[in-house]
Amino acid sequence: MERNRYLLTGDEAVAQAAVDAGVALGTGYPGTPSTEILEHLSSLGGRSRWSPNEKVALEVGIGAAFGGARALVTMKHVGLNVAADPLFTAAYTGVTGALVVVSADDPGMASSQNEQDNRRFAVAAGVPMLEPSDSQEAYDFAALAIEISERWRIPVLFRMTTRVCHAKTAVVRRELAQPKSAPSFQRDIPSRVMIPAYARPAHRRLRQKLAEITAWNETSGPNGIEHSGDGTLGIITSGISYMHAREAAPGASFLKLGMTHPLPVEMVRRFVDTIDRCVVIEEGDPYLVDALRAAGLNVEGKSEMYRFGELNVGRVQRILANDTSPEAPPPRGKPPQLCNACPHRTGFTTFAKLNCIVAGDIGCYTLGVLPPFEAMDSCVCMGASIGAGLGLRHVLPEEQARRVISVIGDSTFMHSGITGLVEMVYNPPPTGHVVVILDNGTTAMTGLQEHPATGRTLDHKSTGKVSMEDLARSLGIPNVVVTDPVGDPEGFEALVQRALGGGGLWVIVARRPCLLAAGKIKEYERQAGAAAACSSAS
Amino acid sequence: MAGRVTNVVFAGLGGQGVIKASDILAEVAFERGLAVKKSELHGMSQRGGSVTSDVRFGQEVFSPMVPEGQADYLVVLAPEELENSKRHLRPGGVLVPPDAVAAERLPSSKCLNIALLGVLSAHLPFEVEAWLKVVRANLPEKLHEMNDQAFALGRESAKKV
């Protein structure tokens, strides 16, 4: 057996490639299924950091790449919506080092609020996109993404999906090319300062780069043709769909695309010409099939019913057989729920009892929507609780408006809640508003990651700590109260009741550590105390 | 049969060690030099919901997910997951239910995952030492003895059936 062979998840493989290729900095925000990339990078000795949100993470990555370093930025699919603003213009500025942006999509929504297909972002932003289908490709393509980014001085979108991120498959490591020079600032104003006069030529440069990358992808890209059978059936596919299709149709010929933007259309055309029937097998949106048909290729897609959810071997067989009969719904398993004695339980018991209209947010506490609480009325995206709560307050009749409350977790507040508070101060509803920050001291849902208000870095070391209550007070919010909902549930209920009834602007920080995190937090604090004692003694 | 893939599905609830069990099996097969893929959905699994994890090994494995109704072995850790997960098993496949090991003989209920791996191990062509090596590598040292016992108990229970 090869000694250099490892069983890794796709996430771990990307982290390993980052270390092997000398990536100087990894940034991101936790989000299933991408979270483990930066955690693994850190455990391998790489430099990785959680940012408050994906936009900031990408901006830090852009800065690192402007400085000539190799940077890796990771996020889940919806995170790229937050980071879209810097992405689109970084495509114009280009980079000096390397900038690889991982988007981990979640078809089937194992742990997400939507199943958007981020292949669309590659087209919209005008950046090259690689799609690995297993951990070996995650490793190899991560190295290739760095190479492409440096060669064409362009950010590269690295699109993974749940089954690539979290599946473990074999990886053989190899010697990866190291950065050619150490980071060093080189002034380049017309490339990096996007005033219109410089942005207009930058857009033309971007399109020129994409034309060159297209030509390269046609002849030298990470795409492969496997001919077998008699040429009656050909399958065009990418990512995890390739694996399902390869198993579902052993007699077919395959065109597997590793770089799906810009597409090697002429290569596909030559493949299609050799095959009687060509079917595009892709998860999610009809991205490939629409592009290929627009190029005049005679290819079949999947029925609309297969746009929803993940593909698997059985569904690919159905697509190939043009089977559109209803699929048996998978049996309902036991849904997740708030842990017994979870501190969020007090909050949702209170909100239900007080008949609150709850503008909710993203995190463990979204489970407050399920029985026995059923105490959440909206959940859209990170931070939306505050804006949506304010909007409801502005338009509802007074009796209803006074029951509206915004409920947000600590990590989500740091991610996208702060600007909501600014809005609350700037445009206060006539009935006032109440924001409850459920502060359990961690990013619980994604697996207990740190954030700026915990005062610890990704690897749980002490760092600067943002005080949410001081932040709220500094914005001019008159009523800011910190309370322990578990220690004093009656007091918490009375406080919420007073806030709702009194009008005015309120921020209630309900602070009680997550049960799963409490022991670990104590240990981190003990270690930090010991380290501080050591340094003051020396 | 050459090239045949062995499919194993683990099912249980978040917190039971479903994923740990599947990791261990995947590593045992991997150490043997086989092609292995392992996949699970664990987005919200820390919150006590249903969890399944698939392990596939053989000469060549493509999809990381066991196609429905093609599991050769189904290992179920929670009684309430039995009914839902039976659809994974192929006709003639082997079910390892949660009561395959007498609960009162377990050193701790937390060792159920390792005990059921012991049961499964009796059906698979890997040496006991190879299993124990990987079990230990996946657990803190203070838990080794307890889990060695659980594994042995499972393996012994399988032989009685």
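Only a predicted model underlies this, so the values are computations on that prediction, with no experimental measurement involved. (Residues numbered from 1 in each chain as written. Chains lettered and ligands numbered in written order. Predicted model: local features only at pLDDT ≥ 70, side-chain atom pairs only at ≥ 80, totals over all residues. Heavy atoms only, no water.)

K.L.:
Looking at this structure, I do not really get the overall build of chain A. What am I missing?
P.N.:
Broken down by element type, chain A carries 21 helices and 18 strands. Relative to the compact-globule value of 24 Å for 538 residues, chain A shows a C-alpha radius of gyration of 25 Å, a close match. Intrachain contacts of chain A at a sequence separation of at least 6 include 73% that bridge at least 24 residues. Entry remark: accessible area of chain A is about 21300 Å², with carbon and sulfur atoms responsible for 54%. Separation between the mean location of the 51 positive side-chain charges and that of the 56 negative ones in chain A comes to 4 Å. (Helix = DSSP H or I, 4+ residues; strand = E, 2+ residues; numbered from the N terminus. Rg over C-alpha atoms; globule rule 2.2 N^0.38 Å. Contact = heavy atoms within 4.5 Å. Areas by Shrake-Rupley, 256 points an atom, 1.4 Å probe, with all protein chains shown as cover. Lys, Arg positive; Asp, Glu negative; His and termini not counted. Charge placed at Lys NZ, Arg CZ, Asp CG, Glu CD.)

K.L.:
How should the domain arrangement of chain A be read in this particular structure?
P.N.:
As a measure of interface size, the accessible area lost when the parts come together is often cited. Residues and elements named next belong to chain A. The domain boundaries assigned to chain A delineate domain 1 (5–218), domain 2 (224–320) and domain 3 (344–532). Spacing between the C-alpha centres of domain 1 and domain 2 amounts to 25 Å. Contacts between domain 1 and domain 2 engage 29 residues on the former and 28 residues on the latter. In total, domain 1 and domain 2 occlude about 2300 Å² of area from one another, counting both sides; carbon and sulfur atoms represent 51% of this. Scanning the region where domain 1 abuts domain 2 turns up four salt bridges. Across the pair Lys256 and Glu137 runs a salt bridge, and its minimum N-O distance is 2.8 Å. Counting the contacts that link domain 1 with domain 2 gives 19 residue pairs in polar contact (both at pLDDT 80 or more). For the side of domain 1 that touches domain 2, the elements supplying multiple residues, two or more each, are helix H6 (119–125), strand S6 (129–130), helix H7 (135–152), helix H8 (162–165) and helix H10 (196–220). (Domains from an automatic or database assignment. Buried area = accessible area lost by both parts, 1.4 Å probe. Salt bridge = Lys/Arg side-chain N within 4 Å of Asp/Glu carboxyl O. Polar contact = N/O pair within 3.5 Å; in protein donor to acceptor, adjacent residues only side chain to side chain.)

K.L.:
For this particular structure, what's the right way to read the sheet that holds strand S15 (residues 404–409) of chain A?
P.N.:
Paired through backbone hydrogen bonds, the strands of a sheet run either parallel or antiparallel to each other. All names here are of chain A. Sheet architecture is open: five strands sit in the order S14-S15-S16-S18-S17, paired in parallel fashion. The sheet is open, and its two edges are formed by strand S14 (357–359) and strand S17 (479–483), each paired on a single side. Strand-to-strand, the axes of this sheet are offset by a mean angle of 20 degrees, without reference to chain direction. In the sheet, S15 pairs with strand S16 (residues 433–439) via four bridges, with the strands oriented parallel. Counterpart to Val407 in the pairing with S16 is Val436. Packing of helix H16 (residues 384–395) onto the sheet brings it into contact with S14, S15 and S16, and relative to S15 it is tilted by some 175 degrees. (Pairing = 2+ DSSP bridges. Axes fitted to C-alpha atoms, helices over the stretch in contact; angles between N-to-C directions.)

K.L.:
Honestly, a nonpolar patch on the surface in this entry has me stumped. Any pointers?
P.N.:
Residue and element names in this part refer to chain A. Taken together, the side chains of Ile189, Val193, Ile195 and Tyr198 present a nonpolar region at the surface, about 290 Å² in accessible area. Residue position: Ile189 is located in helix H9 (residues 189–192). Residue Ile189 is classed as partly exposed on the basis of its relative accessible area, which comes to 35%. (Patch = residues over 30% accessible without salt bridge, like charges linked within 9 Å, V, L, I, M, F, W, Y side chains within 5 Å. Buried < 20%, exposed > 50% of the residue type's maximum accessible area, 1.4 Å probe, protein only.)

K.L.:
What's the story with helix H5 (residues 84–93) of chain A in this structure? I'm lost.
P.N.:
Because the α-helix completes a turn every 3.6 residues, residues three or four places apart line up on one side. Residues and elements named next belong to chain A. Among the residues of H5, Ala84, Pro86, Leu87, Ala90, Ala91 and Thr93 are the ones counted as buried. Against helix H3 (54–66), helix H4 (77–82), strand S5 (98–105), H6, H9 and H10 lie the buried residues of H5. With its phi angle positive at about 70 degrees, Gly94 sits one or two positions after the end of H5.

K.L.:
Would you explain the sheet that holds strand S4 (residues 70–76) of chain A in this entry?
P.N.:
Residue and element names in this part refer to chain A. Pairing is mixed across the open sheet formed by seven strands, whose spatial order is S3-S2-S4-S5-S7-S6-S12. Taken across any chain shown, the strands that pair with only one partner, and hence form the sheet edges, are strand S3 (48–50) and strand S12 (259–261). As defined by bridge partners, strand S2 (residues 25–28) adjoins S4 across four bridges and the pair is classed as parallel. Residue pairing for S4: Gly26 is matched across the bridge by Leu72. On the sheet, helix H2 (residues 36–43) packs against S2, S3, S4, S5 and strand S7 (156–161) and is oriented at approximately 140 degrees with respect to S3.

K.L.:
Would you mind showing me how to read the interface of chain B and chain A here?
P.N.:
Opposite the 32 residues of chain B that make contact, chain A presents 38 residues. Buried area between chain B and chain A, both sides added, is near 3100 Å², and the carbon and sulfur share of it is 61%. Seen at the junction of chain B and chain A, the total is two salt bridges. As a salt-bridge pair, B:Asp23 and A:Lys168 come within 3.0 Å of each other at their nearest N and O atoms. Between chain B and chain A we count nine residue pairs in polar contact (both at pLDDT 80 or more) in total.

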